[in-house]
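A structural walkthrough
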Amino acid sequence: MVAGSWRWKWNRKRNHFPVIPLIFMIFIAATILYSELRIQHIPVNPDRDQHHNHQKQRSLELTRNNLKHSPPFISVHPNSSSVELDRFTICNATMRYSGRNVELVEDDGSSPAFDHRRKGGSGDCDVFSGKWVFDNSAYPLYNESECPYMSDQLACCKHGRPDPGYQYWRWQPHGCNLKRWNVTEMWEKLRGKRLMFVGDSLNRGQWISMVCLLQSVIPADRRSMSPSAHLTVFQAKDYNASVEFLWAPLLVDSNSDDPVNHRLSDRIICPDSALRHLSKWENADILVFNTYLWWRQGPVKLLWSSEENGVCEELDGVGGMELAMKTWGNWVYSSVDPLKKQVFFVTMSPTHLWSREWNPGSEGNCYGEGSPIDLETYWGSGSDLPTMRMVDKVLSRLGSKVTVLNITQLSEYRKDAHPSTYRKFWETLSPEQLSKPESYSDCIHWCLPGVPDVWNELLFHFL
């Protein structure tokens, strides 16, 4: 979660500065400092606000141009700024879901590339089916302490984890081998390109993993990290390449699109518009999307782009996710040429919140776990099968335009690889919590180095 950059201008010739604006500036500065500390210390991009208005106007122009080439029911609206959502948006009234839908365009048939995508590899080899093999000679692929962009949320050794064993596991597909990670080859694949991860904090973890995997071969004076309130960019000058992260936890526009202030009592989405995010992601060369976790937190409220009176409809999380996936899918269908742009979708990242699922009779969670689950095909309740089937249905209709990174099953085995208590917590923990570590263990995100590095090895395998 990174605060945006702000530029304040004033007349240098004035000798007296108004007190109220000065107090306001101090408040804003303190807020930004606090927000930046919540993930890592990285330099602020001074050029962001200079281009803000230009980017907003450009996004509207790009959307209008896209609409000219899209079927009439592609659900991206150039006038959706009239219902632009932010964290202060409220519903004037809430009604039951009316049944209104987003029509999804369907690809005109499968192809060899489509079959290749569904199998997870070439020929008969499925790289997503396999087992974890202990390999402390080749893993980890980087050292936690040597990555200057590491997040305190994921730096488990820094925060006291005594057992580094979770870093030494390699994913071994059945009957074949995963392409071995090569940092120089990866940079050559990225030369002159933008690689962008789009999604929630789990996708941000994968982005940090990729940055840590790549940054070591770039001299410090030839790389940069420029954060903004919405988009964070790591650049390598010698390759004219960037590795970026766009905060878009629900894919479509929502009141949770602020990467810092997004913990809200009501989650409101515009199910037929992704204009805010689209203007950032559509010019990237390689896109890696995810969405799942945020749809598991109860019902969502729908504020359609055509709604003028602030009346919302309420729908369960899976239904809301399906609408969002269809809107995203329509953009993929109308705008993605697989020969020019590569689009990946990462399946749901599993949680390990109930140890009774792998150790019957126990009442814990991932806290204290030191090795993977060795039961092949293990599947916990944190990965919702109906949701996965819905996602598969949407993706299957997009054909070769999207490559699926099916990380769910392989990640299910890794109950040992979450931060649990070994991370920075920004909220003050109570004595009761401290006396029972399971009560505040993070069994959702992943330590780095760790499982997300394998997700990126899979991405490298398919590029």
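Please read all numbers here as calculations on a predicted model, not as lab measurements.

Re the overall build of the chain
Looking only at helices and strands, the chain has 11 helices and 13 strands in total. Every one of the 463 residues in the chain was classed for burial, and the buried ones make up 54%. In the chain, 79% of the contacts between residues at least 6 apart in sequence involve partners at least 24 apart. As presented, the chain carries roughly 21500 Å² of accessible surface, and 50% of it is formed by carbon and sulfur atoms.

Here we look at the sheet that holds strand 10 (residues 300–302)
Taken together, four strands build an open sheet; the order of strands is 1-11-10-8 and the sheet is mixed. Either end of the sheet is taken by a strand with one partner, and the two such strands are strand 1 (93–96) and strand 8 (268–269). Pairing of strand 1 with strand 11 (residues 311–315), which is carried by four bridges, proceeds in the parallel orientation. From the neighbouring strand, Thr94 faces strand 11, where its bridge partner is Cys312.

Quick notes on the sheet that holds strand 13 (residues 403–405)
If you walk across this open sheet you meet the seven strands as 5-6-7-4-9-12-13, and the pairing is mixed. Every interior strand has two partners, whereas the edge strands, strand 5 (223–226) and strand 13, have only one. Here the strands of the sheet are splayed against their neighbours by 15° on average, with no regard to which way each runs. Here strand 12 (residues 342–346) runs beside strand 13; their pairing, made up of three bridges, is parallel. Across the sheet, the residue bridging to Phe344 is Thr403, located in strand 13.

A word on the layout of surface pockets
By volume, the second largest pocket is sized at about 510 Å³. By residue class, the composition of the lining of the second largest pocket is nine nonpolar, six polar and seven charged.

Some thoughts on the state of the cysteines
A complete count under the given rule lists five disulfides for this structure. Across the disulfide from Cys91 sits Cys312; the S-S distance is 2.0 Å. Torsion about the S-S bond of the Cys91 and Cys312 cystine: about -85°, corresponding to left-handed handedness. Taken together, the positions of Cys91 in the loop between helix 2 (52–68) and strand 1 and Cys312 in strand 11 put the pair 221 residues apart, joining distant regions of the chain. Two residues share a disulfide in this structure: Cys125 and Cys176, whose sulfurs sit 1.6 Å from each other. Placement of the pair is Cys125 in the loop between helix 3 (112–119) and strand 2 (130–134) and Cys176 in the loop between strand 3 (169–173) and helix 4 (183–190), with a sequence separation of 51 residues.

Re the pairing of strand 5
In strand 5, alternate side chains face the same way, and those of Arg223 and Met225 are buried while those of Ser224 and Ser226 on the opposite face are not. Across four bridges, the pairing between strand 5 and strand 6 (residues 231–236) is antiparallel. By the bridge assignment for strand 6, Met225 is matched with Phe234.

So, the nonpolar core
The biggest cluster of nonpolar side chains holds 102 residues, and the ones touching the most others in it are Trp187, Leu195, Val243, Trp281, Phe289, Met325 and Trp328. Looking at which element gives the most residues to this core, the answer is helix 5 (residues 201–215), with eight residues. Counting six residues, the second-largest nonpolar core is a separate cluster that includes Leu85, Cys91, Cys270 and Cys312.

Regarding the pairing of strand 4 (residues 194–199)
Among the six residues of strand 4, five are classified as buried, and the element is accordingly described as predominantly covered. Judged from the four bridges that link them, strand 4 and strand 9 (residues 286–289) form a sheet pairing that is parallel. Bridged to Leu195 within strand 9 is Ile286.

Notes on the pattern of salt bridges
Side-chain pairs of opposite charge can arise whenever the charged atoms involved come near each other. Under the counting rule described, the total for this entry stands at 16 salt bridges. Across the salt bridge formed by Glu185 and Lys179, the nearest N and O atoms sit 3.1 Å from each other. A network of salt bridges, in which partner residues are shared, links Glu84, Asp257 and Arg276.

Things to note about helix 7 (residues 317–335)
Think of an α-helix as turning once every 3.6 residues; residues three or four places apart then point the same way. Between its first and last C-alpha, helix 7 extends 27 Å over 19 residues, near the 27 Å set by a 1.5 Å rise per residue. Its side-chain oxygen placed 3.2 Å from the backbone nitrogen of Val318, Asp316 serves as the N-cap of helix 7.

Concerning the packing of helix 7 against helix 8 (residues 385–396)
Two numbers describe how helix 7 lies on helix 8: the axes approach to 10 Å, and their chain directions differ by 15°. Between helix 7 and helix 8, the interaxial angle falls into the category roughly parallel. Taken as a pair, helix 7 and helix 8 cross one another with a handedness that is right-handed. Here Val318, Met321, Glu322, Met325 and Trp328 of helix 7 lie close against helix 8, whose contacting residues are Thr387, Met390, Val391, Val394 and Leu395.

Focus on helix 8
With 12 residues, helix 8 extends 16 Å from end C-alpha to end C-alpha; this agrees with the ideal 16 Å at 1.5 Å per step. Those residues of helix 8 lying buried are Thr387, Met388, Met390, Val391, Val394 and Leu395. One side of helix 8 holds all its buried residues, which, seen down the axis, span an arc of 160°. Along helix 8, the residues that are exposed and aim more than 90 degrees away from the buried face are Arg389 and Lys393.

Some points on the packing of aromatic side chains
The tally for this structure, following the rule as stated, stands at 17 aromatic pairs. Each ring, one from Tyr149 and one from Phe234, has its centre 5.3 Å from the other, and the planes form 70°; the classification is edge-to-face. One end of the pair, Tyr149, is in the loop between strand 2 and strand 3; the other, Phe234, is in strand 6, and 85 residues separate them in sequence. Classification of Tyr149 by relative accessible area gives buried; the value is 10%. Grouping aromatic residues by their ring pairs yields a cluster made of Trp281, Phe289, Trp328, Trp331 and Phe345. Seen from the ring of Trp304, Arg100 lies directly overhead, with NZ or CZ sitting 4.2 Å from the centre.

Analysis parameters
- Residues numbered from 1 in each chain as written.
- Predicted model: local features only at pLDDT ≥ 70, side-chain atom pairs only at ≥ 80, totals over all residues.
- Heavy atoms only, no water.
- Helix = DSSP H or I, 4+ residues; strand = E, 2+ residues; numbered from the N terminus.
- Buried < 20%, exposed > 50% of the residue type's maximum accessible area, 1.4 Å probe, protein only.
- Contact = heavy atoms within 4.5 Å.
- Areas by Shrake-Rupley, 256 points an atom, 1.4 Å probe, with all protein chains shown as cover.
- Pairing = 2+ DSSP bridges.
- Axes fitted to C-alpha atoms, helices over the stretch in contact; angles between N-to-C directions.
- 1 Å grid on protein atoms, 1.4 Å probe; cavity = no way out; pocket = protein on both sides within 12 Å on 5 of 7 lines; lining within 4 Å.
- Points joined across faces, edges and corners; volume = space filled by probe spheres on them.
- Nonpolar A, V, L, I, M, F, W, Y, C, P; charged D, E, K, R; others polar.
- Disulfide = S-S within 2.5 Å.
- Core = buried A, V, L, I, M, F, W, Y, C linked by side-chain atoms within 4.5 Å.
- Salt bridge = Lys/Arg side-chain N within 4 Å of Asp/Glu carboxyl O.
- Expected span 1.5 Å × (residues − 1).
- Polar contact = N/O pair within 3.5 Å; in protein donor to acceptor, adjacent residues only side chain to side chain.
- Parallel < 35°, antiparallel > 145°, perpendicular 65-115°, else oblique.
- Left-handed = near helix turned anticlockwise from the far one by under 90°.
- Arc of directions from axis to C-beta.
- Phe/Tyr/Trp six-rings, centres within 6.5 Å; stacked < 30°, edge-to-face > 60°.
- Lys NZ or Arg CZ within 6 Å of the ring centre and 35° of its normal.

By themselves, these observations are geometric and do not establish any function.
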